[in-house]
Structure formats: structure tokens, C-alpha cells
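Here are the chains, one letter per residue:
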Amino acid sequence: MAMSDTAIIPRRSLHDELAAQLRDMLMRGDLKAGDKISEQALCQRFGVSRTPLREALKVLANEGLLILSPNRGASVARVSPEEVDELFPIMGALEAVAGEAACARASDADVASVQAMHDEMLAYYRAGDPAAYLRLNRAIHEKFFELAGNHALSQLYQTLMVRIHAVRFIAQKSSERWREAVQDHEEMMAALKARDGVRLGTILKEHLRHKAAMVHESLDQLDSHAAE
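Note that the structure is a prediction, hence the values are computed from the model and not measured.

### Describing the overall build of the chain
Secondary structure assignment for the chain yields nine helices and two strands. Its helices and strands taken in sequence order, the chain reads α-α-α-β-β-α-α-α-α-α-α from the N to the C terminus. Contacts in the chain between residues at least 24 apart in sequence constitute 74% of all its contacts with a sequence separation of at least 6. By element, 52% of the accessible surface of the chain is carried by carbon and sulfur atoms, the whole surface being about 12100 Å².

Set out below in C-alpha cells:
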């Protein structure tokens, strides 16, 4: 292997790893819409220089997650109402396809596994722990794609997932919206147990419509606060 090759591979791996870490920060809500990115803080956190970090920031900017401004650096992109209307129906359609396939392919053990995650998620809901609730919520939705066994579908889902989750973290669930989401999940479990793929697909699409409405409400609240 040539010396030039050995220099390129580690750099590319570091750049990919940093991009993945930054996506995780967005999905956890560590970085929220409108936040300015501190390159110095991130360099210290990850123990890297500015060069690979800036390469990773460019990748996320190309994905629409960050905004790069001359002389101002990077900031977390704020989603527009139009983007919500574009992204959530696409995700709903993908989840519906996954749900139908999952019902056709899931074993009794698979269903029991989803039920266990569902029960744990409900425990976090009753405890009023939104962060833990969201973690299990995401795991359940990802499980549907795993059970569907369609690699191309899963790839499309993962591509949209980061953007969707980055959007969701600006949304503050009201108690009514949270109850609505839990009821959706109860209906999902009933459809999965019945192996009713059409019903599960319909519920998943409606669930994503509810999420889109929640994000719109949060955007309206942000606009109202900015105008005050």
C-alpha cells in the first residue's frame, strides 16, 4: 500500500466518525435549531483539530442539518413549515410500507420483543421522562424496519431519520399531544399482534401526521415568542 493511501484512510475515517457523532448530538437534542456551533468546544470534546471537524460540518450542511455562513461559522438549521409538510408524509409512507412488511414477517418472538419495548416506553411516559420515552419510541419504529427485512427501505428511512429527529427536538409535546402519541402506539401494538399490516400502515401514517402537527405548533410558538 502506498504511503499516500495510508495518510488518506485515517483522515477519512475520522471525518466520518465526527459526522456520525454530530448527527447523534442533533438526534439527542444536544444541539437544537438555531444553536451556533462552537468549533473550539467540539474540538475539545472530541480531541480533534479544526480541519476534520470542519469537513464533518460541511457534510451536515450538505444534508440540510447545519447552515454555514461566511465569517459566522456554523449553526443548526431551523426547519421551515414547508419542509415539515414535505418530510413527514414521506416518512409516514416509508413507515407504512415497513409496518405492512413487518406484520407479514414477524414471528411471535418478534412481536413479544416489540411489546416489551412498548411496555418500557409506557413506563417512561407514566414517569414523565420524555428523553427516555423518545429513546424507546425511536427503537420501536426502527424495529418495524428491521422486521420488514428490506435493506433499501431501511436506508431511505435512516437518511430521513436524522432530519426528522432534528426537527422533533424543537417540538415541545403538550400533555394532550403526548397522550395522543401513546394512544397511537397502543393501536400499533394491537395491529401488529393481529398481523394486520394494512391497519398498521394506516396507523403509522396517521401517527406521522400527528407528529407533523405537533412540530407546526412548536414553530408557531417560536415565531410568537420571537415577535414579542
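### Description of the pairing of strand E2 (residues 73-76)
Where strand E1 (residues 66-69) lies against E2, four bridges are found, and the strand directions are antiparallel. Paired with Leu-66 across the strands is Val-76, a residue of E2. Where E1 folds back onto E2 in an antiparallel hairpin, the turn is made up of three residues, including Asn-71, whose phi is positive at roughly 70 degrees.

### Structural notes on helix H5 (residues 108-127)
Counted at 1.5 Å a residue, the expected span for H5 with its 20 residues is 28 Å, and the 29 Å between its end C-alpha atoms agrees. Along H5, the residues classified as buried are Val-111, Val-114, Gln-115, Met-117, His-118, Met-121 and Leu-122. Down the axis, H5 shows its buried residues gathered within 165 degrees of arc, on one side only. Along H5, exposed side chains directed more than 90 degrees from the buried face belong to Ala-109 and Ala-127. Buried residues in H5 make contact with helix H6 (130-148) and helix H8 (175-193). Looking one or two residues beyond H5, the residue adopting positive phi is Gly-128, at roughly 70 degrees.

### With respect to the confidence of the model for the chain
Per-residue pLDDT for the chain has a mean of 86; in total, 87% of the residues score no lower than 70. The least confident element of the chain is helix H1 (residues 3-28), whose mean pLDDT is 68; the most confident is H5, at 97. Counting interchain partners and residues more than four positions distant, the pLDDT-below-50 stretch residues 1-11 has four contacts.

### Describing the nonpolar core
In a soluble, globular protein the nonpolar side chains are often hidden away together inside. Core analysis: the biggest nonpolar cluster contains 23 residues, and Val-114, Tyr-133, Ile-140, Phe-144, Met-188, Leu-192 and Leu-200 have the highest contact counts within it. Counting residues per element, the ones that place at least two in this core are helix H4 (81-105), H5, H6, H8 and helix H9 (197-227). In contact with Ile-140, other than residues within four places in its own chain, are Val-114, Met-117, His-118, Met-121 and His-185. Core analysis: the next-biggest nonpolar cluster, separate from the first, contains 19 residues, Leu-18, Leu-31, Leu-53 and Leu-65 among them.

### Points about the side chain of His-185
Position of His-185 among the secondary structure elements: in helix H8. Under the relative-accessibility criterion, His-185 is labelled buried at 1%.

### Section: the packing of aromatic side chains
The tally for this structure, following the rule as stated, stands at three aromatic pairs. Between Tyr-133 and Trp-178, the ring centres sit 5.3 Å apart and the planes meet at 80 degrees, which makes this aromatic pair edge-to-face. One end of the pair, Tyr-133, is in helix H6; the other, Trp-178, is in helix H8, with 45 residues separating them in the sequence. Accessibility expressed as a relative area gives 1% for Tyr-133, which makes it buried. Between Phe-145 and Tyr-157 the ring centres are 3.8 Å apart and the planes differ by 25 degrees, which places this aromatic pair in the stacked class. Placement of Phe-145 in helix H6 and of Tyr-157 in helix H7 (residues 151-168) is noted, with a sequence separation of twelve residues between them. Each residue in the set Tyr-125, Tyr-133 and Trp-178 is aromatic and connected to the rest through ring pairs, giving one cluster.

Cut-offs applied
In this convention, every chain numbers its residues from 1, walking through the sequence in written order. At least 70 in pLDDT is required for a residue's local features to be given in this predicted model, at least 80 for side-chain atom pairs to be given and counted, and no such filter applies to totals for whole chains, interfaces and linings, which use all residues. Derived side-chain values reflect all non-hydrogen atoms in the structure, with water molecules and hydrogen atoms excluded from consideration. Labels follow the DSSP assignment, with helices taken as runs of H or I lasting at least four residues and strands as runs of E lasting at least two, numbered in each case from the N terminus. By definition in these notes, contact holds between two residues if any of their heavy atoms fall within 4.5 Å. Note that accessible areas follow from Shrake-Rupley with a 1.4 Å probe, and for residues the cover is restricted to the protein chains shown. We call two strands paired when DSSP finds no fewer than two bridges between them. Given a helix with a known number of residues, its expected span is that number minus one, times 1.5 Å. Exposed residues in this analysis have more than 50% of their type's maximum accessible area, buried residues have under 20%, and partly exposed residues fall in between, with area computed by a 1.4 Å probe over protein chains only. Think of it as the arc spanned by the lines of direction from the helix axis to the C-beta atoms. The score called pLDDT rates the predictor's confidence residue by residue, from a low of 0 to a high of 100. We define a nonpolar core as any set of buried Ala, Val, Leu, Ile, Met, Phe, Trp, Tyr and Cys residues linked to one another through side-chain atoms lying within 4.5 Å. Any two rings among Phe, Tyr and Trp, with Trp reduced to its six-membered ring, count as a pair given centres within 6.5 Å; such a pair is stacked if its planes are under 30 degrees apart, edge-to-face if over 60, and tilted if neither.

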